[in-house]
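Reading the structure
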Amino acid sequence: MTEELGFGLLALILVGVPALRVVTSGNLVRAILWLAATLLGTAVLYALLHAAFLAGVQVLTYVGGVVTLMVFGVMVTRKHEGTTFTIDGTGRLRGALAALGFFAVVAAAIVRTDLSALSVVEPPSTQDLAFSLLDRYLLAFEVASVLLLAAIVSAVVLARRRDPAPDPATPRDAAALREGSTP
Amino acid sequence: MSPSVTLALVTLVAPLAAALVSVVIPPIRHRGMPAAILTILGSLLATGASALLLMEDVAGRAIRATVPWLVVQGRGLGEVGVRLDAVSIPMLGVVCLVALAVQVYSVAYMHGESPRSYGRYFAYHALFLFSMNTLVLAPDLLQAFAGWELVGLVSYLLIGFHFDRPTAARAAVKAFWMTKLADMGFLFALLLLYARTGAFSWDVALRPEVAEATAGLVFLAVMGKSAQFPLHVWLPDAMEGPTPVSALLHAATMVAAGVYLVVRADPLFAQAHWVQGGMLWVGTATAAFAALLGLVQTDIKRVLAYSTCSQLGFMVAALGAGSAFAGYFHLGTHAFFKALLFLGAGSVIHAVHSNELKDMGGLARRMPLTAVTFALGALSLAGIPPLAGFASKDAILTALEGRAGWIPWAILLATAFLTAFYMGRVLVLTFLGKPSAAAAHAHESPPAMTIPLVALGIPTVAGALLGPWLARGLGGEMHLHLGLTPVLASLAGLGGLGLSLVTYLRGREAPLAGTLAALDRASVVDRFWAFGYRSLLLPLGGALRWVDRYLVDGLMNGVGWGTLEAGQAVRPVQTGRTRDYALAVVVGAVLLLILAAWR
Amino acid sequence: MTLRALLLVATALFSIGIYGLLTRRQAVALLLSIEVMANAANLVFVAFARYGGAPGHPLVLFALAITVAEVAVGLALVMLLYRRHGDTLLDLASEAKG
């Protein structure tokens, strides 16, 4: 019981707190950094759960790749005057209610389920994992490759420079939004 | 399907087909003559079929061929088909023959009309023949009602044929609403019959009060259709229609439909003795009243209209006395000689271009054929032996012997005298004496008009011979006997005729003519109905129109408006904002999870 | 059991992600929230791989690949949004209104 509690607390601190900061931070760059913290915390959890390889992959792709991508995204789309500050918070009540409702339902289901039949198992080693990718999960592996290719191509196509200038009406809309009224 | 039934169906289908073709293919109707040819062709087929049916011997056995109508839960609500027996076949023959004669006559009479009107006229005639046959051949009261209403509609259409004439339009509406009002009796009788017996047949034994109520309600409709007092006022006004229409509908067939219905439904009326008593008196009163008014009319068609009304009263009285045969016999003979008289009058009107008796005179020399046939018709109507009219009138008077203390018998005998008298007046003023200015240039009508006159003249004269045959078919007997009634009837006829000839040839007027004319001008009954129309019917119609426009239409429009408003109200849900849609997804997911988990 | 604790933490993480998904107006911030949610799902897979022997690890690898693809395309869309409206506020893309 105490093990459970302790583990739960550790997990919460490792991932729960940073995640909260991700969704509540006013500064976009800070939010991205908090995401990095969340992902790192998850990697630690993976390691604790004997999924060392996954922890490594997590750090590499998520923290290294995705976060970097996010930063680039922010840099490219920020306004040319000063840093990008975000003003958020509309619909907070709705969001909170929906999130809490979701949590309540799923948590209730988890608590009421009898999980005693599940015992501790040693997860596959890296070698086993590699073999399975090219053996059992070969099709999924190949499809994932195609998916990544498709994503790259579509991202390039979508982000091509086509339009000469932004919609002339919307800078006004954007300014209005920032001030809190709807366009 | 037996050959008889096939023949009966021909009498229905042929005119219907002619009518449908004329209606559905406008070019045929608009060119005029093609529609006339179609209608007459249809009538020829129908007449031929009915003639063949007449030659069969149906005495004592009836052929009934029906199909169920409006099948609900395996059982039909009513029946549609034909019933061939000694009641329907003779009437069928009369209707088809007179219709054919009138239609042929119309070919020449309606020549002055535009082709479109001409075609419309003949289309209506075809529809009429179909409708009337539907009524005549009806196997139960439901189909009879259908035919009844249809002929009422065609009557409206034909009375108001020249609808651009205000008098004609008003006369058509008047005829329509008055008869429809009376038809409510028929409707309630149908409801009552269905409630009590689950069917619409007249061949059922009913409890006395039910029989009286049903028969009484039906008789209400008969009073409207057959112009009995006080529902008679539409008939003189109906003379606004073309003269052939007056001949066919408002003398020979449609108005007689009421009498036919009572004959047809005799098993029902035989159980209703109070109603029969009422019929006796209503018929007698109508006959006398109408004859008196007919004496002072100046329009030749109106004389004949009141005469028709009077003769219908005779028939109704006979039915009231319990003799379906006498009423039916007179119906048959009257159809022929009254149609003849109307067509003859039309011939005269055509020649002098006026309906008024004062514009006629001395036409016997200039229009011999018309004069002779008209005179024969007049003599038959006046009840001069041995013409058809005498035989049938005698049958009626015989049936009335001893009933209600001989009073109706006496009144009708006097009315027979009056009948001869006013017909004599017409004969003198139209064909004898000095011609008026208009009559001086008159000439005989074309063959298309004179041949039907001759054709109708034959049964007018010889119709008495068919009496015994008809009587046997109805399960009775008829023989000409030398008794009190025939002698008195003959004297009444001859006397009335002679006296009128003497009076009018000398240019004098009948006694009390002035009083009667004043009574006619007062039109008490007519004013009563007009008042009722204005103060009750029109406001009621206005109220219903308000309900229809604001409540019924309002409801429908409201539904439409409500739907649109609801759509507009729901529109804001579509914000176009991703966040809102994401919220919807999440909420939906949560709900589904709850549903799945707590099943 | 620690499994239950892990699952509850993962659920909490996912719920936090939902909150962010519904609240954030900036497009990039929304993507961050989605990342959090995907992370929570992966955590569940790994947990069950440890407790119960489910084939969770390969699933996580594939989930990772898919998530990365999604981020790439998502950022491309953010670029489009910025170019169209001069800002990255998601409410600007409300052409489906009405």
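Residues numbered from 1 in each chain as written. Chains lettered and ligands numbered in written order. Predicted model: local features only at pLDDT ≥ 70, side-chain atom pairs only at ≥ 80, totals over all residues. Heavy atoms only, no water.

Concerning the overall build of chain C
- In terms of helices and strands, chain C carries 3 helices and 0 strands.
- In sequence order, chain C lays out its α and β elements as α-α-α.
- For the C-alpha atoms alone, the extent of chain C along its principal axes is close to 50 × 25 × 20 Å.
- Buried residues in chain C amount to 71% of all 98 residues.
- In chain C, 51% of the contacts between residues at least 6 apart in sequence involve partners at least 24 apart.
- Once the 7 positive and 5 negative side-chain charges of chain C are each reduced to a mean point, those two points are 7 Å apart. (Helix = DSSP H or I, 4+ residues; strand = E, 2+ residues; numbered from the N terminus. Buried < 20%, exposed > 50% of the residue type's maximum accessible area, 1.4 Å probe, protein only. Contact = heavy atoms within 4.5 Å. Lys, Arg positive; Asp, Glu negative; His and termini not counted. Charge placed at Lys NZ, Arg CZ, Asp CG, Glu CD.)

What about the packing of helix α13 (residues 273-294) of chain B against helix α14 (residues 300-320) of chain B?
Residues and elements named next belong to chain B.
- Between α13 and α14, the shortest axis-to-axis distance is 7 Å and the interhelical angle comes to 160 degrees. Considered as vectors, α13 and α14 are oriented roughly antiparallel to each other. The way α13 lies across α14 gives a crossing that is left-handed. Of the residues in α14, those touching α13 at Gln-276, Gly-277, Met-279, Leu-280, Gly-283, Thr-284, Thr-286, Ala-287, Ala-290, Ala-291, Leu-293 and Gly-294 are Val-303, Tyr-306, Cys-309, Ser-310, Gly-313, Phe-314, Val-316, Ala-317, Leu-319 and Gly-320.
- The residue makeup of the contact of α13 with α14, split by class, is 13 nonpolar, 9 polar and no charged. (Axes fitted to C-alpha atoms, helices over the stretch in contact; angles between N-to-C directions. Parallel < 35°, antiparallel > 145°, perpendicular 65-115°, else oblique. Left-handed = near helix turned anticlockwise from the far one by under 90°. Nonpolar A, V, L, I, M, F, W, Y, C, P; charged D, E, K, R; others polar.)

Let's talk about unusual backbone geometry
Residue and element names in this part refer to chain B.
- In this chain, Phe-229 is followed by Pro-230 through a cis amide linkage whose omega measures -5 degrees.
- Of the consecutive residues Pro-385 and Pro-386, the connecting peptide bond is found in the cis state with omega at -5 degrees.
- Note that Pro-386 resides in the loop between α17 (368-382) and α18 (388-400).

Comments concerning helix α1 (residues 3-24) of chain B
Residues and elements named next belong to chain B.
- Here α1 is 22 residues long and its end C-alpha atoms lie 30 Å apart, about the 32 Å a rise of 1.5 Å per residue gives.
- Where α1 bends most, the angle comes to about 25 degrees, and this point is Val-10.
- Every buried residue of α1 is accounted for by Ser-4, Val-5, Leu-7, Ala-8, Thr-11, Leu-12, Ala-14, Pro-15, Ala-18, Ala-19 and Ser-22. (Expected span 1.5 Å × (residues − 1). Bend = angle between axes of the 7 residues up to and from the residue.)

Considering the interface of chain A and chain C
- If you look at the interface, chain A gives 95 residues, while chain C gives 73 residues.
- Summed over both partners, the interface of chain A with chain C comes to about 7600 Å²; 73% of that surface belongs to carbon and sulfur atoms.
- Applying the counting criterion to the chain A and chain C interface returns 1 salt bridge.
- For the salt bridge of Arg-50 of chain C with Glu-122 of chain A, the shortest nitrogen-to-oxygen distance reads 3.8 Å.
- The interface formed by chain A and chain C contains 8 residue pairs in polar contact (both at pLDDT 80 or more).
- Only α1 (2-24), α2 (28-48), α3 (52-77), α4 (92-112), α5 (126-134), α6 (138-158) and α7 (170-179) of chain A provide two or more residues apiece to the side of chain A that touches chain C.
- Its residues assigned to classes, the side of chain A that touches chain C comprises 59 nonpolar, 23 polar and 13 charged. (Buried area = accessible area lost by both parts, 1.4 Å probe. Salt bridge = Lys/Arg side-chain N within 4 Å of Asp/Glu carboxyl O. Polar contact = N/O pair within 3.5 Å; in protein donor to acceptor, adjacent residues only side chain to side chain.)

A closer look at the nonpolar core
- Ranked by internal contacts, the top residues of the largest apolar core, which has 183 residues, are Val-98, Met-132, Phe-186, Trp-234, Phe-269, Leu-363 and Phe-374 of chain B.
- The contact partners of Phe-269 of chain B, leaving out residues within four places of it in the chain, are Ala-215, Val-218, Phe-219, Val-262, Val-275, Gln-276 and Met-279 of chain B.
- Judged by nonpolar contacts, the second largest core, of 74 residues, contains Ala-36 and Leu-133 of chain A together with Ala-10 and Leu-64 of chain C. (Core = buried A, V, L, I, M, F, W, Y, C linked by side-chain atoms within 4.5 Å.)

Structural notes on α14 of chain B
Residue and element names in this part refer to chain B.
- Counted at 1.5 Å a residue, the expected span for α14 with its 21 residues is 30 Å, and the 30 Å between its end C-alpha atoms agrees.
- Of all the 21 residues making up α14, 20 are buried; the element is thus mostly covered by neighbouring parts of the structure.
- Two or three places before Lys-301, at the opening of α14, Asp-299 has a side-chain oxygen 2.8 Å from that residue's backbone nitrogen.
- Of the residues flanking the end of α14, it is Gly-322, one or two places downstream, whose phi is positive at about 95 degrees.

Re the confidence of the model for chain A
- When pLDDT is averaged along chain A, the result is 81, and 80% of the positions lie at 70 or above.
- Ranking the elements of chain A by mean pLDDT puts α7 of chain A last with 63 and α6 of chain A first with 93. (pLDDT = per-residue confidence, 0-100.)

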